[in-house]
Amino acid sequence: MNTQEMTTRIATGQGFIAALDQSGGSTPKALRGYGVDDSEWSGDDEMFGAIHAMRARVITAPCFGSGKVIGAILFEKTMDGEVEGKPTAEALKARGIVPFIKVDEGLADEADGVQLMKPMTKLAALLEKSAAHGMFGTKMRSVIKSANPAGIAAVVAQQFEVAAQIIAAGLMPIIEPEYDITAADRVDGEEILLAEITKHLGALPEGQQVMLKLSIPATAGLYTPLTQHPKVLRVVALSGGFSTDDACTRLAQNPGMIASFSRGLLQDLRKTQSDDEFDTVLGKAIDQIASASV
């Protein structure tokens, strides 16, 4: 797939984007969920080798190439690796799946009810490498924990500032200002978030687009205007701690949004499953999430 083909796939594809980008501190938890005990690896190299093996098994499962997964978000080390002898991005594209790369370096300490992204000291080099690998886009995450107008404005401003650098590098940014689903004031805060995003979209130069990854809103249909905005390629939803069933039910109430789930996709997979069992379990999750997205 070339860039135009990938753009069309993301804009119009009937399916969802798989989030395979657990990194750093979240990797041991992901491995434990898969049935790999901490004692089975030692040091970062072995840990990332184990998680790459899991992701490679997901990517090569027959159901993953069924057409219902239209994109996948990778961690840098996954991008650097190979799947069946091909660079990971090429292995995905061969299955009709558009590759994205996680570019943020984690979250700063909470201030004004939000966690901004830490300074992205390696961004320029990572963008250059990602473009060379044939990646289509990027993803970066901030977190909003309360309806603090100053904090929410800071999160959105930072996201769009970095997005400008990503667009300049020839990649499509996924802007992810996650709203904590446990926040008591989420209804009010998401209204503020919608207004801030809309303001920054209006300031985007003509011809530029971004993608948005948002928590499934407390008010169904809140983000419908964003799904129809000419400067938004696609709006995707994170599960945010909801169970798979709950996340899918809520997502289905928000036409125009598609899923970009991680735990909801992978939670029932185990290392000990046979390849047929693995494909059956993964395929069931893919079918459920794709149905909610369509």
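Our structure's up above, just so we're on the same page.
Residues numbered from 1 in each chain as written. Predicted model: local features only at pLDDT ≥ 70, side-chain atom pairs only at ≥ 80, totals over all residues. Heavy atoms only, no water.

Caption draft 1: How the structure looks around the pairing of strand E10 (residues 232-238). Along E10, seven of the seven residues are buried, which leaves the element largely enclosed by surrounding structure. Relative to E10, strand E9 (residues 210-215) is paired through five bridges, and the arrangement is parallel. In the strand pairing of E10, Lys-213 is matched with Val-236. As defined by bridge partners, E10 adjoins strand E11 (residues 257-259) across three bridges and the pair is classed as parallel. Looking at E11, one finds that Val-236 is bridged to Ile-258. (Buried < 20%, exposed > 50% of the residue type's maximum accessible area, 1.4 Å probe, protein only. Helix = DSSP H or I, 4+ residues; strand = E, 2+ residues; numbered from the N terminus. Pairing = 2+ DSSP bridges.)

Caption draft 2: Region of interest: the pairing of strand E7 (residues 137-144). The element E7 is largely enclosed, with a buried count of seven among its eight residues. When strand E5 (residues 98-102) meets E7, the two strands line up parallel, connected through three bridges. Paired with Ile-101 across the two strands is Thr-138, which belongs to E7. Relative to strand E8 (residues 172-179), E7 is paired through eight bridges, and the arrangement is parallel. Across the sheet, Thr-138 pairs through a bridge with Pro-173, a residue of E8. Handedness of the crossover joining E7 and E8 through helix H7 (residues 149-168) is recorded here as right-handed. (Right-handed = clockwise from strand over helix to strand, strands pointing away.)

Caption draft 3: Structural detail: the nonpolar core. If you look at the biggest cluster of nonpolar residues, it comprises 84 residues, and the most contacted ones within it are Phe-64 and Leu-282. When neighbours within four sequence positions are excluded, Phe-64 is seen to be in contact with Ala-18, Leu-20, Val-58, Ile-59, Val-69, Leu-92, Ile-97, Leu-282 and Ile-286. Formed by 14 residues, the second largest nonpolar core is a distinct cluster that contains Ile-70, Ile-73, Met-172 and Met-211. (Core = buried A, V, L, I, M, F, W, Y, C linked by side-chain atoms within 4.5 Å. Contact = heavy atoms within 4.5 Å.)

Caption draft 4: Main features of the packing of helix H2 (residues 27-34) against helix H3 (residues 43-60). Between H2 and H3, the least distance of the axes is 10 Å, while the angle of their chain directions is 55°. Considered as vectors, H2 and H3 are oriented oblique to each other. The two elements H2 and H3 meet at a crossing, and its hand is left-handed. On H3, the residues that touch Thr-27, Pro-28, Ala-30, Leu-31 and Tyr-34 of H2 are Met-47, Phe-48, Ala-50, Ile-51, Met-54 and Arg-57. Of the residues in the contact of H2 with H3, the class split is nine nonpolar, one polar and one charged. (Axes fitted to C-alpha atoms, helices over the stretch in contact; angles between N-to-C directions. Parallel < 35°, antiparallel > 145°, perpendicular 65-115°, else oblique. Left-handed = near helix turned anticlockwise from the far one by under 90°. Nonpolar A, V, L, I, M, F, W, Y, C, P; charged D, E, K, R; others polar.)

By themselves, these figures tell us nothing about what the structure is for.
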